Each structure stands twice: as structure tokens, then as C-alpha cells.
Amino acid sequence: MSASAGLASFRTEGCDLSMRALGRVLSAETVKLSKRYVWLLILVSPVFAALIGMLASTEGEKMSWDFLLSVMGVMHSMMFLPLLSGLFTAMLCRYEHYSGGWKQLLSLPVSRSSVYLSKFIVAAVLLAAVQVLFLLCLLGVGWWRGAGGPLPWELLLPRIIGGWLATLPLAALQLAVSQAWSSFAAPLALNVSFTLPNILIANSATYGPYYPWVQPMIAMSPYGSDESFGAFNLPLESLMIVVLGSFVLFYAAGMISFQRKAV
């Protein structure tokens, strides 16, 4: 075997080992979550949004999908998604903060980067599940309320996916805070304090697009081209660039902090 072939084989085996290690950590995170009520939290926002959609009044106008997305998505994206991003990450780190859980976890033959990545992946999957259930509730309420016309997938899917992508920087930031602070309540209190001003900051075309907690609301708004909606006139492509930049910054900062974490 040549040197280059041996090096390629070593890299392949190393990659396989890393993937298997990541898979084991992901499996462990799933088992830990199955023992809690975190799965019920996925239902809270979609069910609440469905109730709003069923009770919303159109004031004599015909029900439409953009109206339904607006009324159902406003509280979901403005409050619940940011709050759930913090709650999920805090719960993912809570177990390790008790009884020397970090020492036990990091003593296993897995890298710190795999541990950190696995927790972020689980949080991202939970947030994706929330969005999928919200979409199902939206379709169900639309059918029940008699929303006219064919399903506007070109309207719905970019908003659902965009809302999920815009929540990932928050999950990265909250994961960084949750792994650093042993208190379960402190990261949640911090998240709530930054989420509550959303309703005011969203109306600012200057600050809204750059405020991480309001970005899911902007991404899910069906009125992105209306200049009367403050930050909501920002094109979705431009918003995603801001989201990507903040995600890279928050995830990198959290990973560096976790790599230096003393256990």
C-alpha cells in the first residue's frame, strides 16, 4: 500500500469513527429526552396557533391562506419559537449540570465537538418538529375555515423553513449560555427578557432585521414586500444572510467556550 493510499484509509477510518461517536451521543441525548416531558412542549405552540386560527375573524372577507398564516404565525414566531429555542437547549444541558454529568459525558471516547454538535442537532430537530406541526395545524385550520384556492406552497414552505432557519442562531446562542451556566432558570430568564421586546423592535426597519429574537417573526411574515410593516419589508434572502452570519458567530463562540470548559 502506498503512503497516499494509507493516509486516505486513515482519514476514512477516522471519519467513520467520528460519525459513529456522534451517532452514539445523539442516541444518548434522545434517550435522556424521552424520560422527560419535552416532547409535549412541541405541541404547545402549534395547538395554540390552531386555536387562534379557528377563532380569528375575517370581518366579512373571504378566508385566505396569507391571512391565516399571519394570524396563526404572529404569536408562534414572535414568542413561542424564541422561547422554545431557549427551553430546549436548557433542558439538553440540565442533566449534565447535576451530579457531575459533564465529567461522565466527557470521559467517554467522544470529542467535545461531537458532544456539542449533538446537543445542537437535537435542539434543531425539536424546533423543526414544532414547525412541521405548525404547518399541519395551518393546513387543518385552513381546510376547516374554507380557505379558498389551491395550497400556496410557494408562500407557505419558504415561511415555515425560513422561520426554522431564523431560529437556529437563537438555539446556538442559548446552547452556549446553557452549557456555561449551571442554573436552569438563568438562561431561560435571559431568553425571556430578550424575547418580550420583539413586538416593539419588529416595527423598526433599522434594528429589527439584526435583532436575533425577532428574526423568526420576520421570516414567517407573509407581508415581506409591504413597506408599511417596518422590518418586514426586508427581502427573505437578505434576512437569511443576516441569520447565517449570526448563526456562525454564536455557534463558534459557544463551541470555543465549550472546548475550554473546565469539568
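The preceding data block contains the structure.
On a predicted model such as this, the values are computed, not experimentally measured, just so you know.

A. Here's a closer look at the packing of aromatic side chains. Applying the stated rule across the entire model yields 9 aromatic pairs. Note on Tyr211 and Trp213: the rings are 5.5 Å apart at their centroids and 45° apart in plane angle, and the pair reads as tilted. Judged by its relative accessible area of 6%, Trp213 is buried. Among the aromatic side chains, those forming a connected cluster through ring pairs are Trp102, Tyr116, Phe120, Phe247, Tyr251 and Phe258.

B. Representation of the environment of Arg94 in the model. Along the chain, Arg94 falls in helix 3 (residues 65-94). Take Arg94: its relative accessible area is 39%, and that puts it in the partly exposed class. Sequence-wise, Arg94 and Trp181 are 87 residues apart; in three dimensions their C-alpha atoms are separated by 9.7 Å.

C. Spotlight on the nonpolar core. Judged by nonpolar contacts, the single largest core of 65 residues is most densely connected at Leu68, Met72 and Phe88. Residue assignment for this core shows that the elements contributing at least two residues are helix 1 (3-34), helix 2 (38-55), helix 3, helix 4 (101-106), helix 5 (112-145), helix 6 (153-180), helix 9 (215-220) and helix 10 (236-259).

What counts and what doesn't
- Residues numbered from 1 in each chain as written.
- Predicted model: local features only at pLDDT ≥ 70, side-chain atom pairs only at ≥ 80, totals over all residues.
- Heavy atoms only, no water.
- Phe/Tyr/Trp six-rings, centres within 6.5 Å; stacked < 30°, edge-to-face > 60°.
- Buried < 20%, exposed > 50% of the residue type's maximum accessible area, 1.4 Å probe, protein only.
- Helix = DSSP H or I, 4+ residues; strand = E, 2+ residues; numbered from the N terminus.
- Core = buried A, V, L, I, M, F, W, Y, C linked by side-chain atoms within 4.5 Å.

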